[in-house]
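Chain by chain, the residues run as shown.
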Amino acid sequence: MPSAQVNFDGVCTVVAKLFNLTQPDAALFGQKDYQQLAVIRRLVRDLNFPIEIIAAPTVREEDGLALSSRNRYLSSEHRHQALVLSQSLDRAHVLLDDGERDVATLLNEVRKIISSAADARPDYIEAVDPETLESVSHVDEKRGVAIALAVFFADTRLIDNLVWMGNTARP
């Protein structure tokens, strides 16, 4: 995923400069972009910034769609179809809570639900270690798992994720 690496490199550069200029004690980052949050946590740890990184939970619409300024670009049909994102992650959460630890099984279920939306075009659907963001093939009970996805509806790219830590998921 080279383009994502370039994006995160840029984010790290900008955030490191901002932290150096402002010298904050704490910084708040949204969990909707979980990968970015994990990269910032790593940046702070690696560069020994004395900053507490606080994760703000993903805010969701009443129907479960993650709140995003991009949602306004969706047609009403695509807005309705986009509900498959939270529905697929909810299903993965249930499977995890029921004991499923095989990542292929989890991702197949997520993909199946997303593919039920006629216009959904996945950019990526991944299961990764919540701290390192390395791909995993089996869920480690102690480390948990992050399931991250990005899906296009027409030209609008939406992201969402589930971070499962034991039987406690972080939204």
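Residues numbered from 1 in each chain as written. Predicted model: local features only at pLDDT ≥ 70, side-chain atom pairs only at ≥ 80, totals over all residues. Heavy atoms only, no water.

Comments concerning the overall build of the protein
Selection criterion: Each helix corresponds to a stretch of at least 4 residues labelled H or I by DSSP, and each strand to a stretch of at least 2 residues labelled E; elements are numbered beginning at the N terminus. In this setup the radius of gyration rests on C-alpha atoms only. A globule is expected at 2.2 Å times the number of residues raised to 0.38. Relative accessible area decides the class of each residue, using a 1.4 Å probe on protein chains only: under 20% of the type maximum gives buried, over 50% gives exposed, and in between gives partly exposed. The protein chains shown are the only cover counted for residues, whose accessible areas, like all others here, come from Shrake-Rupley with a 1.4 Å probe. When charges are counted, Lys and Arg are positive and Asp and Glu negative, with His and the chain ends excluded. Note that the charge is assigned to NZ on lysines, CZ on arginines, CG on aspartates and CD on glutamates.
What the protein contains, in helices and strands, is five helices and six strands. Ordering the α and β elements of the protein from the N terminus gives α-β-α-β-α-α-α-β-β-β-β. Taking 16 Å as the expected radius of gyration for a compact globule of 171 residues, we find that the protein reaches 16 Å, a close match to that expectation. Residue burial in the protein is summarised as follows: out of 171 residues, 44% are buried. A total accessible area of about 9,300 Å² is found for the protein, and carbon and sulfur atoms account for 52% of it. Side-chain charges in the protein split into 18 positive and 25 negative, and the spacing between the mean points of these groups amounts to 3 Å.

So, helix 2 (residues 34–46)
To keep it simple, the criterion reads: Any helix carries an expected span of 1.5 Å times its number of residues minus one.
For helix 2, built from 13 residues, the straight-helix expectation of 18 Å at 1.5 Å per residue is met to within 8% by its first-to-last C-alpha distance of 18 Å. Looking only at helix 2, the buried set comprises Tyr34, Gln35, Leu37, Ala38, Val39, Ile40, Leu43 and Val44. Within two residues after helix 2, asparagine 48 carries a phi angle of roughly 55°, on the positive side.

Some words on unusual backbone geometry
Backbone geometry at glutamine 23 places phi at a positive 50°, although glycine is not the residue there. Positionally, glutamine 23 belongs in the loop between helix 1 (2–22) and strand 1 (26–30). Judged by relative accessible area, glutamine 23 falls into the exposed class, the value being 54%. If you check the backbone angles, alanine 154 has positive phi at about 55° while not being a glycine. On the secondary structure map, alanine 154 appears in the loop between strand 4 (145–153) and strand 5 (156–165). When its relative accessible area of 37% is taken as the criterion, alanine 154 is described as partly exposed.

Comments concerning the side chain of aspartate 160
Here is the rule we go by: In the analysis that follows, any N or O atom pair within 3.5 Å is treated as a polar contact, provided that within protein one partner can donate a hydrogen and the other can accept it, and provided that, for residues neighboring in sequence, both atoms belong to side chains. Contacts: residue pairs with any heavy atoms within 4.5 Å of one another.
For aspartate 160, the position within the fold is in strand 5. Overall, the relative accessible area of 3% leaves aspartate 160 in the buried class. For aspartate 160, the side chain forms a polar contact with the side chain of arginine 60, separated by 2.8 Å. Among residues more than four places away in sequence, those in contact with aspartate 160 are Lys32, Arg60, Ala66, Leu85, Ser86, Leu89, Ile147, Ala148 and Leu149.

Structural notes on the nonpolar core
Under the convention used in this document: What we call a nonpolar core is a set of buried Ala, Val, Leu, Ile, Met, Phe, Trp, Tyr and Cys residues that are connected through their side-chain atoms within 4.5 Å.
Ranked by internal contacts, the top residues of the largest apolar core, which has 29 residues, are Leu85, Ile114, Leu149 and Phe153. Among the elements that make up this core, the one with the highest residue count is helix 4 (residues 83–97) (seven residues). Residues contacting isoleucine 114, with those up to four places away along its chain left out, are Val84, Leu85, Ser88, Ala120, Pro122, Ile125, Leu149 and Val151. Formed by 21 residues, the second largest nonpolar core is a distinct cluster that contains Phe8, Tyr34, Val44 and Val128.

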